[in-house]
Each structure stands twice: as C-alpha cells, then as structure tokens.
Amino acid sequence: MRLWAVRGDLTETDADVIVNAANPGLLGGGGVDGAIHAAGGPQILEECRAIKARLPDGRLPRGQAVVTTAGRLPARWVVHTAGPIWSASEDRSEVLRSCYRESVRLAAELGARSVAFPAISAGIYGWPMDDAARQAVAGVRAVDVEHLQEVRFVLFDDRALAAFEAALSD
Ligand code: AR6
C-alpha cells in the first residue's frame, strides 16, 4: 500500500473514497465538511440524515466512520468520520488514530483501491498540525488490508503538506 501526501483540494480528488472530517451530528459544518457537502450536492446530506436516524441518539461516536455516496464529486464514496476536539489536558490521540483506522477498514470493505484523507481534527478542532500528521500516519499504518493500493493525504496548504511529508518519512 502506497502512502503519500499532496497539496490540493479534497473535493477535486479522484480517489475511490474521500474521507470527510465530519462531526458527530453528521449534518455538515464548516471546513472540509462544508466544502464536501457544497460540492457534492444534496444527496450526501440526504444519506447522512438516514444514517443519523439509525444511530443511537442520532450521533456518530468520535473515532468511528460511516459511508455515503459521493454525489457530484469525482470520488465514488464519502466516508464520514468525526475526529476528536484537541485538548491540552487530555490525550485523545487514540480517537484520532481510530478515525484513520476505521475509515481505511470501511474503504477496504467497499472494495476501494484508493482513499484520500484531509488532516482530520487539524482545522476547526484545533489539533496541532505536526502531531495530527503523526497520528494520521500511525493510524493508517496500523491497518493491514488487502486490495487497497493507495492512501493519499490531500493537504490544503504548504504547512500541512510539510507536516505530513515529515511524518511519512519517519
Ligand atoms: N481539501 C483539503 N483540506 C481541506 C479542505 C479541502 N477542501 N478544506 C479544509 N481543509 P476542518 P476538523 C483542511 O476544520 O478540524 C467542521 O465544521 C483544513 O485546512 O475541516 O476535523 C465539521 O463539521 C484543515 O487542515 O476539520 C466539524 O464540526 C483540515 O482540512 C469540524 O469542522 C481539517 O480542518 C471538524 O473540524
């Protein structure tokens, strides 16, 4: 499985699966979540509502992942995962690694060959980028799945790209 990082916009990424940095409520938000719903169209939100209706208390536990269509996006599926909010006093890194593990597992179950991730939790949720990158790489490397050929980190700016390149070369 090839792991690599590139600067770009996740909504324009042609991987089989793109992963959304969602929230437990699953009905959209800002950041990459807002961009995915805006570019992908209403079908994604419709499926999110249906999934939400089946979840206990209507909430996706942080660190878990669910899948919808990709609507008008070039990807085939969107995997939605809710990352942890950064805390200076509590170590939530296991939850962040779990986002990557569970998303990769789900993508493999779908038969995807390629998955593209943003820097989950490193925007609105405040996770420091260097550590977010280390957790991302550790999370993906912890999963051993057949058929998945490529995991791509699609980063919005040079700072994030540098952090992921450093984490990948460790
Ligand atoms: N392509 C790639 N990366 C992007 C894009 C894009 N189109 N847009 C933003 N990023 P964030 P979080 C980067 O805030 O921290 C939402 O309201 C961004 O620069 O999207 O997990 C959700 O609904 C940053 O590096 O996700 C949740 O409530 C990274 O993606 C909450 O925000 C993640 O930033 C989740 O916050």
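Further up the page is the structure itself.
Residues numbered from 1 in each chain as written. Predicted model: local features only at pLDDT ≥ 70, side-chain atom pairs only at ≥ 80, totals over all residues. Heavy atoms only, no water.

### Concerning the overall build of the protein chain
At step 1: For the protein chain, the helix and strand inventory stands at five helices and six strands.
At step 2: Starting at the N terminus and ending at the C terminus, the protein chain contains elements arranged as β-β-α-α-β-β-α-β-α-β-α.
At step 3: Scaling as 2.2 N^0.38, a compact globule of 170 residues should have a C-alpha radius of gyration of about 15 Å, and the protein chain matches this with 14 Å.
At step 4: Overall, the protein chain is about 40 × 35 × 30 Å in size when its C-alpha atoms are taken along their principal axes.
At step 5: Classification of the 170 residues of the protein chain by burial places 52% in the buried group.
At step 6: Partitioning the intrachain contacts of the protein chain with sequence separation of at least 6 by distance along the chain shows that 73% fall at a separation of at least 24.
At step 7: In the form shown here, the protein chain has an accessible surface area of approximately 7900 Å², with 48% of it arising from carbon and sulfur atoms. (Helix = DSSP H or I, 4+ residues; strand = E, 2+ residues; numbered from the N terminus. Rg over C-alpha atoms; globule rule 2.2 N^0.38 Å. Buried < 20%, exposed > 50% of the residue type's maximum accessible area, 1.4 Å probe, protein only. Contact = heavy atoms within 4.5 Å. Areas by Shrake-Rupley, 256 points an atom, 1.4 Å probe, with all protein chains shown as cover.)

### Brief notes about the layout of surface pockets
At step 1: In this structure, the largest pocket encloses a volume near 590 Å³.
At step 2: Lining of the largest pocket is provided by 28 residues; of these, Ala21, Gly31, Val32, Ala119 and Gly123 occupy positions nearest its centre.
At step 3: Listed by contribution, the elements that provide at least two residues to the lining of the largest pocket are strand S2 (17–22), helix H1 (31–40) and strand S6 (150–155).
At step 4: With four residues, the top contributor of residues to the lining of the largest pocket is H1. (1 Å grid on protein atoms, 1.4 Å probe; cavity = no way out; pocket = protein on both sides within 12 Å on 5 of 7 lines; lining within 4 Å. Points joined across faces, edges and corners; volume = space filled by probe spheres on them.)

### Points about the packing of H1 against helix H2 (residues 42–54)
At step 1: In contact at an axis separation of 6 Å, H1 and H2 are set at 115° when each is read in the N-to-C sense. Together, Ile36, His37 and Gly40 of H1 and Pro42, Ile44, Leu45 and Cys48 of H2 make up the contact between the two elements.
At step 2: The residue inventory of the contact of H1 with H2, partitioned by class, reads five nonpolar, two polar and no charged. (Axes fitted to C-alpha atoms, helices over the stretch in contact; angles between N-to-C directions. Nonpolar A, V, L, I, M, F, W, Y, C, P; charged D, E, K, R; others polar.)

### Examining helix H4 (residues 129–141)
At step 1: Helix length check: H4 (13 residues) gives 18 Å between terminal C-alpha atoms against 18 Å at 1.5 Å per residue, within 8%.
At step 2: Tucked into the core, H4 has its buried residues touching strand S1 (2–7), helix H3 (93–110), strand S5 (114–117), S6 and helix H5 (158–168). (Expected span 1.5 Å × (residues − 1).)

### Some remarks on the packing of aromatic side chains
At step 1: Within this structure, the stated rule accounts for five aromatic pairs.
At step 2: Ring centres 4.7 Å apart and planes at 45° place the aromatic pair tyrosine 100 and phenylalanine 117 in the tilted group. Separated by 17 residues along the polypeptide, tyrosine 100 in helix H3 and phenylalanine 117 in strand S5 bring together distant segments of the chain. Phenylalanine 117 carries the same exposure label as tyrosine 100, and that label is buried.
At step 3: Taken together, the ring pairs in this structure connect Tyr100, Phe117, Phe153 and Phe164 into an aromatic cluster. (Phe/Tyr/Trp six-rings, centres within 6.5 Å; stacked < 30°, edge-to-face > 60°.)

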